[in-house]
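These are the residues of each chain, in order.
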Amino acid sequence: MIATERTSPENPTIRATPGASAAVQRTARTGGLLYLILAVCGGFAEFFVRQGLIVRGDAAATASNILASQPLFRTGLLAELAGQVAFVLLGLVLYRLLKPIGRNLAAAMLTFVLIAVAITSLNMLNQFAPLLLLSGAPYLSAFDAGQLRALALAFLDLHEAGYIIAQVFFGLWLLPLGILIVRSGFLPKVIGGFLVLACAGYLADVGTYFLAPGLGVTLSEFTFVGELMLMLWLLVFGVNVRRWEARGLGAA
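The structure presented is a predicted model; accordingly, all values stated were derived computationally and were not measured.

1. Considerations on the environment of Gly32
Then, number 1: Summarising the element assignment, Gly32 is placed in helix 1 (residues 18-53).
Then, number 2: With 46 residues separating them in the primary sequence, Gly32 and Leu78 have C-alpha atoms 21 Å apart.
Then, number 3: Excluding residues that lie within four positions of it along the chain, Gly32 makes contacts with Met231, Leu234 and Leu235.

Laid out in structure tokens, this is it:
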């Protein structure tokens, strides 16, 4: 239980017990660890598995790669799922830390996280479909080998489109998060500013994908730095506990 102390009727000072202060830092560092798990799992699934096995526009090569590396392909699916679980937990941790700054903004942040996770998780069915289509099951004999390879690549293209749709919410959750951090006083304002920039980068990429797919520019590759900054700050420094106490306990 959090203990409070008032120095005088005119000048109330709210202090947490040492145990409560340590709990706040554990929560912050847990958030950093969850962000790291999300980044590692998502990076492995995207850059090592999907980009390593899928050959854009070449159904035969893609099918051959998947069949030759099925354990890797399946591991990528599990990594993506693990990352989404970490994302939900990260949203809950950050909600707990930041809700004293603005409950409505914190709720919006968490809502965007949950929508992004729901879309991404359902979209993984499109990535799993090639394993079924290339499995050689008897009921697939209605299709010839070329058709099955083409369908497998078509589902992977659908997975890419679904991922971009989820990216709308990957971006939007960073907007209330960035605003909350700017207002918080217990995390650096510059991180909040870069998170808002990251939001703009993700949303711009969504627009480019649908309106100018041949442009070949991915802004989020340059604007994601705010997420990296937040992850490292939480892992290494946590939060300014004294300022969190002033905001968190005062709003409790």
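The rest of the description comes next.
2. Re the pattern of salt bridges
Then, number 1: Following the criterion strictly, the structure yields three salt bridges and no others.
Then, number 2: Glu80 is paired through a salt bridge with Arg50; the nearest N and O atoms lie 3.0 Å apart. Of this pair, Glu80 sits in helix 3 (residues 70-98) while Arg50 sits in helix 1, placing them 30 residues apart in sequence. Each member of the pair, Glu80 as well as Arg50, is classed as buried.
Then, number 3: Of the charged contacts, one joins Arg56 and Glu160 as a salt bridge, the two residues approaching to 3.3 Å between their closest N and O atoms. On the criterion of sequence distance, the pair formed by Arg56 in the loop between helix 1 and helix 2 (59-68) and Glu160 in helix 5 (residues 145-172) is long-range, its members being 104 residues apart.
Then, number 4: Residues participating in the shared-partner salt-bridge network are Glu46, Arg50 and Glu80.

3. A few points about the nonpolar core
Then, number 1: Residues Phe87, Leu94, Trp173, Leu174, Leu177 and Val239 are the most contacted members of the largest nonpolar core, which totals 41 residues.
Then, number 2: Within the residue set of this core, elements represented by two or more residues are helix 1, helix 3, helix 4 (103-133), helix 5, helix 6 (174-184), helix 7 (189-211), helix 9 (225-236) and helix 10 (241-251).
Then, number 3: Sequence-distant contacts of Trp173, defined by excluding residues within four places in its chain, comprise Tyr35, Phe87, Leu90, Leu94, Met109, Phe112 and Val113.
Then, number 4: Leu134, Ala137, Leu140 and Ala152 belong to the second-largest nonpolar core, a separate cluster that totals 15 residues.

4. A look at the layout of surface pockets
Then, number 1: The space that makes up the largest pocket amounts to roughly 1,500 Å³.
Then, number 2: Surrounding the largest pocket, 38 residues form its lining, Glu46, Phe47, Tyr163, Gln167 and Ser220 being those nearest its centre.
Then, number 3: Of all the elements in the fold, those that place two or more residues in the lining of the largest pocket are helix 1, helix 3, helix 5, helix 7, helix 8 (220-223) and helix 9.
Then, number 4: Here the lining of the largest pocket takes nine residues from helix 1, the largest share from any one element.
Then, number 5: For the lining of the largest pocket, the class distribution of residues is 19 nonpolar, 10 polar and nine charged.

5. Remarks on helix 7
Then, number 1: Its 23 residues place the ends of helix 7 33 Å apart at the C-alpha level, agreeing with the 33 Å of an ideal helix rising 1.5 Å per residue.
Then, number 2: Buried within helix 7 are the following residues: Ile191, Gly192, Leu195, Ala198, Cys199, Gly201, Tyr202, Asp205, Val206 and Thr208.
Then, number 3: At its buried positions, helix 7 is contacted by helix 5, helix 6, helix 8 and helix 9.

The rules behind the values
- Residues numbered from 1 in each chain as written.
- Predicted model: local features only at pLDDT ≥ 70, side-chain atom pairs only at ≥ 80, totals over all residues.
- Heavy atoms only, no water.
- Helix = DSSP H or I, 4+ residues; strand = E, 2+ residues; numbered from the N terminus.
- Contact = heavy atoms within 4.5 Å.
- Salt bridge = Lys/Arg side-chain N within 4 Å of Asp/Glu carboxyl O.
- Buried < 20%, exposed > 50% of the residue type's maximum accessible area, 1.4 Å probe, protein only.
- Core = buried A, V, L, I, M, F, W, Y, C linked by side-chain atoms within 4.5 Å.
- 1 Å grid on protein atoms, 1.4 Å probe; cavity = no way out; pocket = protein on both sides within 12 Å on 5 of 7 lines; lining within 4 Å.
- Points joined across faces, edges and corners; volume = space filled by probe spheres on them.
- Nonpolar A, V, L, I, M, F, W, Y, C, P; charged D, E, K, R; others polar.
- Expected span 1.5 Å × (residues − 1).

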